[in-house]
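Summary of the model geometry
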Amino acid sequence: VPPAAEDPQTRADLDAHQAGGLRWLAGGVITVVLGVLLGVAVVTLAQNSDRRIPGVGLLVVTLVLLGSVGVVVGTGALLRAHRWRRGLATTPWQSGRLRIAGPAVLAFEPEGYDELDPDDEPVRLRLLSTAVWRTRAVQRMDGAEVRAAPVGPGEWVLTADGLDTVVGARTVGRRTRANP
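Reading the values: rules and limits
Residues numbered from 1 in each chain as written. Predicted model: local features only at pLDDT ≥ 70, side-chain atom pairs only at ≥ 80, totals over all residues. Heavy atoms only, no water. Helix = DSSP H or I, 4+ residues; strand = E, 2+ residues; numbered from the N terminus. Buried < 20%, exposed > 50% of the residue type's maximum accessible area, 1.4 Å probe, protein only. Contact = heavy atoms within 4.5 Å. Areas by Shrake-Rupley, 256 points an atom, 1.4 Å probe, with all protein chains shown as cover. Lys, Arg positive; Asp, Glu negative; His and termini not counted. Charge placed at Lys NZ, Arg CZ, Asp CG, Glu CD. pLDDT = per-residue confidence, 0-100. Pairing = 2+ DSSP bridges. Arc of directions from axis to C-beta.

1. Details of the overall build of the protein
Within the protein, the secondary structure is distributed over three helices and six strands. Walking the protein from its N terminus toward its C terminus, one meets helices and strands in the order α-α-β-β-β-α-β-β-β. Along the longest, intermediate and shortest principal axes, the C-alpha atoms of the protein span 80 × 50 × 25 Å. Residues counted as buried form 33% of the 180 residues belonging to the protein. Within the protein, counting contacts between residues at least 6 apart in sequence, those at least 24 apart form 64% of the total. A total accessible area of about 11,100 Å² is found for the protein, and carbon and sulfur atoms account for 59% of it. Computed over 20 positive and 18 negative side-chain charges, the separation of the two mean positions in the protein equals 12 Å.

2. Brief notes about the confidence of the model for the protein
Keep in mind that low pLDDT regions are not for reading the predicted coordinates in detail. Considering every residue of the protein, the mean pLDDT works out to 89; 96% of them sit at 70 or more. When the elements of the protein are averaged for pLDDT, helix H3 (residues 132–139) gives the smallest value, 87, and helix H2 (residues 56–88) the largest, 96. When the criterion is pLDDT under 50, residues 176–180 qualifies, and its contacts beyond four places in sequence or with other chains add up to zero contacts.

3. Here we look at the pairing of strand E2 (residues 105–110)
As judged from the five bridges shared by strand E1 (residues 94–100) and E2, these two strands associate in the antiparallel manner. By the bridge assignment, Arg97 is partnered in E2 with Glu109. Where E1 hands over to E2, the hairpin turn is made up of four residues, counted between the paired strands. Pairing analysis gives four bridges linking E2 to strand E3 (residues 123–127), with the strands arranged antiparallel. The partner of Leu106 across the bridge, within E3, is Leu125.

4. Quick word on H3
Of the residues making up H3, those classed as buried are Arg134, Thr135, Ala137 and Val138. One side of H3 holds all its buried residues, which, seen down the axis, span an arc of 160 degrees. Along H3, the residues that are exposed and aim more than 90 degrees away from the buried face are Trp133 and Arg136. Close packing links the buried residues of H3 with helix H1 (8–49), E1, E2, E3 and strand E6 (167–171).

As structure tokens, then:
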């Protein structure tokens, strides 16, 4: 069975994820640079004319903070894409069915899973993404055939035909209730 990374659709999905990370990173860097340049311009204007422009300091701080968030998000997405690409290079896709248990709580039932067998457990997962559009896209796949692969300790990547992206998830333990 070939590794998942050899699938052309998987490569395209990972490239799209990486491109999104690059957009976040570039946008964040540009926003920080604009904030710094605006700050320098305002300080120069204030020194040369003794004129203060109300609210510009707050705008500069906001630009730098939002840009920093973009840099962190972009860097995280790039690191995730690299980690997933490395994990999928050695692991084949497993086909199975996806069950949704909550907004970000999933159960992956690999092919051959028998829900009547008490020893057979699905892979319980929690989405890594907090993006609303991505969470809703995964929720619409309830009961659908998906492909999943473990890419590291406790981390899985999911995809399906028509999803056009890869989705990361972490394994979660089964909750047990205490007997009263």
